[in-house]
Number of protein chains: 2
Amino acid sequence: MADYLPTAPYRGTRDFLPPEMSVRIQVFETLYEVIERYGYVRYDGPTLEPVEIYEAKSSQEIVQQQLYTLTDRGDRRLAIRPEMTPSVARIIAGNAGKLQFPVRWYSHPNCHRYERPQRGRVREHWQINVDVFGSDSPACEIEIFELIFDMMAALKASPDMWVLRVSDRVLLNAILTTMVEVTPEQIRDVSALIDRWEKYSQDQLAHDAAELGLTDKQFHRLGETLGAGENLLDELPSNVREQSLLMRVLATEARDLVTFDPRIVRGFDYYTSTVFEVFDTSPENRRSLFGGGRYANLVGLFCDAQIPGIGFGMGDVTLMDFLATHDLLPAPRSEVDVAVIPVDATLAEAARQVARELRQAGLRTSTPLEIRRLGKELARANRSGAPVTVIVGSDEWSAGTVTIRNMATGDQQQVAVSAAPSAVTAILALGG
Amino acid sequence: MADYLPTAPYRGTRDFLPPEMSVRIQVFETLYEVIERYGYVRYDGPTLEPVEIYEAKSSQEIVQQQLYTLTDRGDRRLAIRPEMTPSVARIIAGNAGKLQFPVRWYSHPNCHRYERPQRGRVREHWQINVDVFGSDSPACEIEIFELIFDMMAALKASPDMWVLRVSDRVLLNAILTTMVEVTPEQIRDVSALIDRWEKYSQDQLAHDAAELGLTDKQFHRLGETLGAGENLLDELPSNVREQSLLMRVLATEARDLVTFDPRIVRGFDYYTSTVFEVFDTSPENRRSLFGGGRYANLVGLFCDAQIPGIGFGMGDVTLMDFLATHDLLPAPRSEVDVAVIPVDATLAEAARQVARELRQAGLRTSTPLEIRRLGKELARANRSGAPVTVIVGSDEWSAGTVTIRNMATGDQQQVAVSAAPSAVTAILALGG
């Protein structure tokens, strides 16, 4: 017996067959369109990057456990990008002299992380990245939040299906120091603890807090503070409020778009101020869909310019789970608009000629590569989702006509070959 | 002095800034549309694949010199895909039971090869892959050739700018054995020699031929045969003609699309019959733009089904060089259709409101993130290519109006806020 190579994709990666790819394309083209309506322009970068750009600022988890690394034949240490933000910071730094800041950029790269595959987690995912570089105005936050609303609306997600939870690391730091009496040295570890707040048990959190040197009283106070949610905003001392960019955002019309939540921290080390995450509100899928934040210093790894940024990344896996949960996935597109079927092999060239006419009218048109009986070919056209077929018969062809068949109703009509494109288009318009 | 990380992309890879990305997207969306008009549906696969799928059938050059390989944390030997054909063969094999053959598939992956960067060669390129699986009818060749013609026409390349050169390995093998008296054992090496025919000097070729055991007479005869071009077709013995699929293709209307050339071999080991390459005809760029062929046995690496395939891959680098040489590159798209400019900071929220109306009409619309003087902001809008600006002034806003400015002519008109979308659309239509 022959030894066959395995047909499964590498663990944690996916094959997208045409129906799945059609869904993916429809969802992301919808998003591209909304993002471009806000004046964001698309860029792209390499899959391989020097490993140093992640070692500098990405999370420890990514660098130590999740990075795919390799050494090329010229002994360069490379990584397959696990996220896009370091790449875009590098590109911005390298081209800062010729850009007109602020810039609005987006991209749609695939990113690789070595994770244990499970629901919502794969090793290769596709991620929309949206960023503004070169402004620290709260207008950036307002725009990004509004954009997220429009993206979700364009995917037909109603506002009760999800929530945009926001915080500000500057605000959180001030809260922790003034209200919980955390020392500046403890802030990073306590922030990491807060990031786990909704995932771990209270006992576990209490244990971890004690290890960080928090007293029982501080831990209790921390719980109260984080649990206060939006009420916390009213309790804040005015000097704390004044330090926060987010407070300026919340003073505008964007206030209605977001829910302040001090538990939002985000794992990435590079965020310095505003942070936000979109959560599914459905009980089966109560996890973060995507998120982002402000990073004041990331471009500074590559050059001496101060170019603040704010942005978010939206991965396909959690997004598709969300859309599936809420029954919002679009149907795969039909393979063609119209299938042209010759009744026998002598009419194959005639069928190709008709197909050419239909294609010139912009119609997605197939002709059989193998000649089969008409009934069989009609059944195939039906399975491929073709809404219309054009049958090329011998007598009709001699008379310069073809038969147009509406596959939904079975209605047929005979038309001149030159009238076939408009006849097909008319039937498609009915189905649209 | 601080130590900055380098901003250049990894050698042989590219950053696509928005203007370059806009050109890339326009070119490839044009191609997607043509390909879909032929009923091809898009699929996608992983960037990482088990290294074995290349070791089995890809060229020695790829496997031994060009493959990026790595071992994951679970000790799996992986490669970053250097080409798409082995992946698509794997996917077809894994899903053969649920597919309706023949299938028409296309994809647009990035592929990595460790090459010495030079004109037309990079380490990461983007490649359109178009394949038919499940038919050995010459109708596949006819369709693929016609598709290539339509793709080139859609890119505005006139037929004198390029040529589609075709051959058939079955035909070549028969020619070599009957007309040059090459032994079956020599065929593979002699084919590789022919693949170098146009790149090496005659002396070098003669030397290599001698090493393969060809006599001077055979080498001379080989040169005559390869040089005969299309005339060779008339000289072929009828038993040779009958064995060739390509001869059946050349008996149809597709004859006018191609130039038979026995020097076309293609480096890939997996091609078994028809092979073809598109060449630029311009003297500065006389190289293969892209090519493909038939592979009878590739899916057979993964399963016991016999599923023949035919397809081609079209890389972005050589294609863009071709378009640039012939002055066919599209201009980058403007960043936005319209920029909304508040005359001062108090009108920022009003400007956002106007922008919302324009976006709802599908217009790509920006508002400033930082408030600047009107003149400065108009200059910025101009540089970003905005054909229209909407100026939000204080008195006008109180009266419910805004000023619409045609950036090409400088003409301004005052309209009600609700009429702004149609006024902007009217100006854009003039420019279209």
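Here is what the cut-offs are and how they apply
Residues numbered from 1 in each chain as written. Chains lettered and ligands numbered in written order. Predicted model: local features only at pLDDT ≥ 70, side-chain atom pairs only at ≥ 80, totals over all residues. Heavy atoms only, no water. Helix = DSSP H or I, 4+ residues; strand = E, 2+ residues; numbered from the N terminus. Rg over C-alpha atoms; globule rule 2.2 N^0.38 Å. Buried < 20%, exposed > 50% of the residue type's maximum accessible area, 1.4 Å probe, protein only. Contact = heavy atoms within 4.5 Å. Areas by Shrake-Rupley, 256 points an atom, 1.4 Å probe, with all protein chains shown as cover. Lys, Arg positive; Asp, Glu negative; His and termini not counted. Charge placed at Lys NZ, Arg CZ, Asp CG, Glu CD. Least-squares fit on C-alpha atoms with pLDDT ≥ 70 in both. Axes fitted to C-alpha atoms, helices over the stretch in contact; angles between N-to-C directions. Left-handed = near helix turned anticlockwise from the far one by under 90°. Buried area = accessible area lost by both parts, 1.4 Å probe. Salt bridge = Lys/Arg side-chain N within 4 Å of Asp/Glu carboxyl O. Nonpolar A, V, L, I, M, F, W, Y, C, P; charged D, E, K, R; others polar. Polar contact = N/O pair within 3.5 Å; in protein donor to acceptor, adjacent residues only side chain to side chain. Domains from an automatic or database assignment. Arc of directions from axis to C-beta. Pairing = 2+ DSSP bridges. Parallel < 35°, antiparallel > 145°, perpendicular 65-115°, else oblique.

Please give an account of the overall build of chain A that cites residues and values.
The helix and strand tally for chain A stands at 17 helices and 17 strands. Relative to its length of 432 residues, chain A is extended, with a C-alpha radius of gyration of 28 Å against a globular reference of 22 Å. Principal axes of the C-alpha set define a box for chain A whose edges measure 90 × 55 × 50 Å. When burial is assessed residue by residue, chain A has 59% of its 432 residues classed as buried. Within chain A, residue pairs in contact and separated by at least 24 positions form 69% of the contacts whose partners lie at least 6 positions apart. Element-wise, carbon and sulfur atoms account for 47% of the exposed surface of chain A, whose accessible area totals about 17,600 Å². Put simply, chain A has 45 plus and 59 minus side-chain charges, and the middle of one group is 4 Å from the middle of the other.

Give a description of the relation of the copies chain B and chain A that names residues and reports values.
By a simple turn and slide, chain B fits onto chain A: the slide is 0.0 Å along the axis, the RMSD is 0.0 Å, and the turn is 180°. Given the turn and translation reported, the copies of this chain are related as if by a two-fold rotation axis. For chain B, the smallest separation between a C-alpha atom and the rotation axis is recorded for L70 of chain B, amounting to 2.8 Å. A share of 100% of the interface residues of chain B reappears at the interface of chain A, consistent with the copies meeting face to face through the same patch.

Please provide a residue-by-residue account of the packing of helix α1 (residues 18–37) of chain A against helix α5 (residues 138–154) of chain A, values included.
All names here are of chain A. Put simply, α1 and α5 touch, their axes get as near as 9 Å, and they point 145° apart. Crossing of α1 against α5: the hand is right-handed. Packed against α1, whose contacting residues are T30, L31, V34 and I35, the element α5 presents L147, D150, M151 and A154 at the interface.

Account for the interface of chain B and chain A, naming residues and giving values.
With 101 residues of chain B at the contact, the number on the chain A side is 101 residues. For the chain B face of the interface with chain A, the top three residues by lost area are L5, R73 and L369 of chain B, together amounting to 10%. Viewed at the interface, chain A and chain B are joined by 14 salt bridges. Here E253 of chain A and R352 of chain B are joined by a salt bridge, their closest N and O atoms 2.9 Å apart. Looking at side-chain class alone, the side of chain B that touches chain A contains 42 nonpolar, 25 polar and 34 charged residues.

Can you tell me about the side chain of E377 of chain A, naming the residues and giving the values?
Residue and element names in this part refer to chain A. By the element assignment, E377 lies in helix α15 (residues 374–383). Looking at E377, the relative accessible area reads 8%, which means it is buried. In this structure the side chain of E377 is engaged in a polar contact, spanning 3.2 Å, whose partner is the side chain of R372. Beyond its immediate chain neighbours, meaning those up to four positions away, E377 contacts I341, P368, E370 and R372.

Report on unusual backbone geometry, specifying residues and quantitative values.
Note the cis peptide between F101 of chain A and P102 of chain A, where omega equals -5°. With respect to the helices, strands and loops of the structure, P102 of chain A is situated in the loop between α4 (85–94) and β5 (103–107). The phi torsion at E181 of chain B lies on the positive side, around 55°, for a residue other than glycine. Positionally, E181 of chain B belongs in the loop between α6 (169–179) and α7 (187–195). Using a relative accessible area of 60% as the deciding quantity, one classes E181 of chain B as exposed.

So what's going on with the side chain of S244 of chain A? Residues and values would help.
All names here are of chain A. Inspection of the secondary structure assignment puts S244 in the loop between α11 (238–243) and α12 (245–250). Side-chain polar atoms of S244 contact the backbone nitrogen of L246, separated by 3.1 Å. Each residue touching S244, except ones within four places of it in the same chain, is listed here: D168 and L171.

Kindly report on the domain arrangement of chain A, identifying the contributing residues and their values.
How big an interface is tends to be stated in terms of accessible area lost as the parts join. Partitioning chain A into domains gives domain 1 (18–325) and domain 2 (338–431). One C-alpha centre belongs to domain 1 of chain A, the other to domain 2 of chain A, and the line joining them spans 51 Å.

An account of helix α8 (residues 202–211) of chain B is requested, with residue identities and associated values reported.
Residue and element names in this part refer to chain B. Taken residue by residue, α8 has L205, D208 and A209 as its buried positions. Summarising the axial view, the buried residues of α8 lie within an arc of 100°, below the 170-degree limit, and thus occupy one face. When the buried face of α8 is taken as reference, the exposed residues oriented beyond 90 degrees from it are D203 and E211. Its buried side turned inward, α8 meets α7 and α9 (216–227). G213 sits one or two residues past α8 and shows a positive phi near 95°.

Could you give me a rundown of the sheet that holds strand β3 (residues 68–71) of chain B, with the residues and numbers involved?
Residue and element names in this part refer to chain B. Overall, antiparallel pairing links the three strands, which are arranged β2-β4-β3 in an open sheet. One side of each edge strand has no neighbouring strand; the edge strands of this open sheet are β2 (48–50) and β3. Direction aside, the axes of adjacent strands within the sheet are offset by 40° on average. Bridge analysis of β2 against strand β4 (residues 77–80) gives three bridges, and the strand direction is antiparallel. Bridge pairing links L48 to I80 in β4.

Any chance you could break down the packing of helix α1 (residues 18–37) of chain B against helix α13 (residues 316–325) of chain B for me, citing the residues and the numbers?
Residues and elements named next belong to chain B. The interhelical angle for the contact between α1 and α13, taken along N-to-C directions, is 100°, at an axis separation of 12 Å. Here α1 is positioned roughly perpendicular relative to α13, judged by the angle of their axes. Where α1 abuts α13, its residues V23, R24, V27, F28 and L31 lie against D316, L319, M320 and L323. Considered class by class, the residues forming the contact of α1 with α13 number seven nonpolar, no polar and two charged.

Describe the pairing of strand β10 (residues 274–280) of chain A, naming the residues involved and giving the relevant values.
All names here are of chain A. Across the seven residues of β10, seven count as buried, placing the element largely inside the fold. Residues T274, F276, V278 and D280 point to one face of β10 and V275, E277 and F279 to the other, with burial holding for every one of them. Of the pairings in the sheet, the one linking strand β8 (residues 162–168) to β10 comprises seven bridges and is antiparallel in character. Opposite V163, over in β10, you have F279 as the bridge partner.

I'd love a proper account of the environment of N406 of chain A, names of residues and values included.
With respect to the helices, strands and loops of the structure, N406 of chain A is situated in strand β16 (residues 401–406). Along the sequence, N406 of chain A and V388 of chain A sit 18 residues apart, while their C-alpha atoms lie 4.9 Å from each other.

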